[in-house]
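A structural walkthrough
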Amino acid sequence: MNVIPRALLTLTALTLLATTAQARTWDDIKKSGTIRIATEGAFPPFNLLKGKELTGFEVDLANQLAKGLGLKVQWITQPFDNLLIGLGQDRYDFVIASHGITPERQKAVDFASPHYCTGGAIVTKPGGPMTAAALKGKSVAVQVGTTYLENVQKVPGVGAVKTFPKDTDAQAALMAGRVDAWVGDKFTGIDLVKAQKGKLVQGALLFNERIGMAVKKGNTTLLKELNTALAKSMSDGSYAKLSTSYFGQDVRCK
Ligand code: LYS
């Protein structure tokens, strides 16, 4: 019997995928009239799918950029840790889902200029750990595949780090008292603490990050158009107006 080793088969399938799959260039997209954008839809106030409606700062921003580029939008939602993989498989043209620009991710995708700056902060119950030092021996909930996970793991002496598919699941673990703290986006944390009216408090910022839209590696024509559209929004006042409506401040990187 002629058996092809499994490892070889997988490699062949991957090579085939890499050679046949081709990201749509700016010309292809422009010709089609519609741009396909992916996001998570589970990360308020940045991107949230409620019933059939996608809302959030990043959703509004991307819709605004697409409009400026003369395109209709087709939105696709995916679990956070699938988003960049799907980009590599040409399931959509770009991703806007609060990805921190990290050297690791830059090996796989190309990032646009940052569309906001933020950081990862601790949220806990009153009396819980408020600083990196206080996380010593404490359990922390974070969303899988995120910069929160990466950075919490670096905290010296940190206790169990538990991962959850969605940020909201990690927050629920904190509320239920299954962990001592949750680490997530500082703006998401502010909204959460406000909504929980005294049951949660926000602690220290553990790290800062620049957030950017991602295109498939090498899709320079699309990247250029996105950067131009973003720069225009930032200079003509539309970005500032949108940002203020969501955060009460301009969240662009300074
Ligand atoms: N900013 C974080 C990261 O880059 C997470 C964003 C998505 C959270 N649902 O990993």
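Please read all numbers here as calculations on a predicted model, not as lab measurements.

1. Description of helix α3 (residues 57-68)
Helix length check: α3, at 12 residues, gives a terminal C-alpha distance of 17 Å against a target of 16 Å (1.5 Å per residue), a fit within 8%. A positive backbone phi angle near 75 degrees is found at G70, which sits one or two residues after α3.

2. Describing the pairing of strand β10 (residues 161-164)
Across four bridges, the pairing between strand β9 (residues 140-143) and β10 is parallel. Residue pairing for β10: V142 is matched across the bridge by T163. The β-α-β motif built from β9, the intervening helix α6 (residues 147-152) and the parallel element β10 has right-handed crossover chirality.

3. Things to note about the site of the ligand
Around the ligand lies a shell of 15 residues, among which E40, S98, G100, R105 and Q143 are the nearest. In this structure, R105 approaches the ligand through a side-chain N or O atom, which is 2.8 Å from an oxygen atom. Coverage of the ligand by the protein chains reaches 100% of its 310 Å² of free accessible surface. Those elements that place two or more of their residues in the shell around the ligand are α6 and β12 (201-211). Of the residues belonging to the shell around the ligand, the class tally is five nonpolar, six polar and four charged.

4. As for the state of the cysteines
Within this structure, the stated rule accounts for one disulfide. For C117, the disulfide goes to C253, at an S-S distance of 2.1 Å. Between C117 and C253 the sulfur-sulfur dihedral comes to about 100 degrees; the bridge is accordingly right-handed. Here the residue C117 occupies a position in strand β8 (residues 116-124), and C253 occupies one in the segment after α10 (238-247), the gap between them amounting to 136 residues.

5. A word on the UniProt feature "domain: Solute-binding protein family 3/N-terminal" (unreviewed entry) in the protein chain
On the UniProt side, "domain: Solute-binding protein family 3/N-terminal" (unreviewed entry) is annotated at positions that read residues 34-250 here. For residues 34-250, the helix share is 34%, the strand share is 29%, and the end-to-end C-alpha distance is 29 Å.

6. Considering the pairing of strand β1 (residues 34-39)
Across six bridges, β1 lies against strand β5 (residues 72-77) in parallel orientation. When the bridges of β5 are listed, A38 appears paired with I76. When β1 meets strand β6 (residues 94-95), the two strands line up parallel, connected through two bridges. Residue pairing in the sheet places I37 in a bridge with F94 of β6.

About the criteria used
- Residues numbered from 1 in each chain as written.
- Predicted model: local features only at pLDDT ≥ 70, side-chain atom pairs only at ≥ 80, totals over all residues.
- Heavy atoms only, no water.
- Helix = DSSP H or I, 4+ residues; strand = E, 2+ residues; numbered from the N terminus.
- Expected span 1.5 Å × (residues − 1).
- Pairing = 2+ DSSP bridges.
- Right-handed = clockwise from strand over helix to strand, strands pointing away.
- Near = heavy atom within 4 Å.
- Polar contact = N/O pair within 3.5 Å; in protein donor to acceptor, adjacent residues only side chain to side chain.
- Areas by Shrake-Rupley, 256 points an atom, 1.4 Å probe, with all protein chains shown as cover.
- Nonpolar A, V, L, I, M, F, W, Y, C, P; charged D, E, K, R; others polar.
- Disulfide = S-S within 2.5 Å.
- UniProt positions renumbered as here; feature names shortened; annotations may be inferred.

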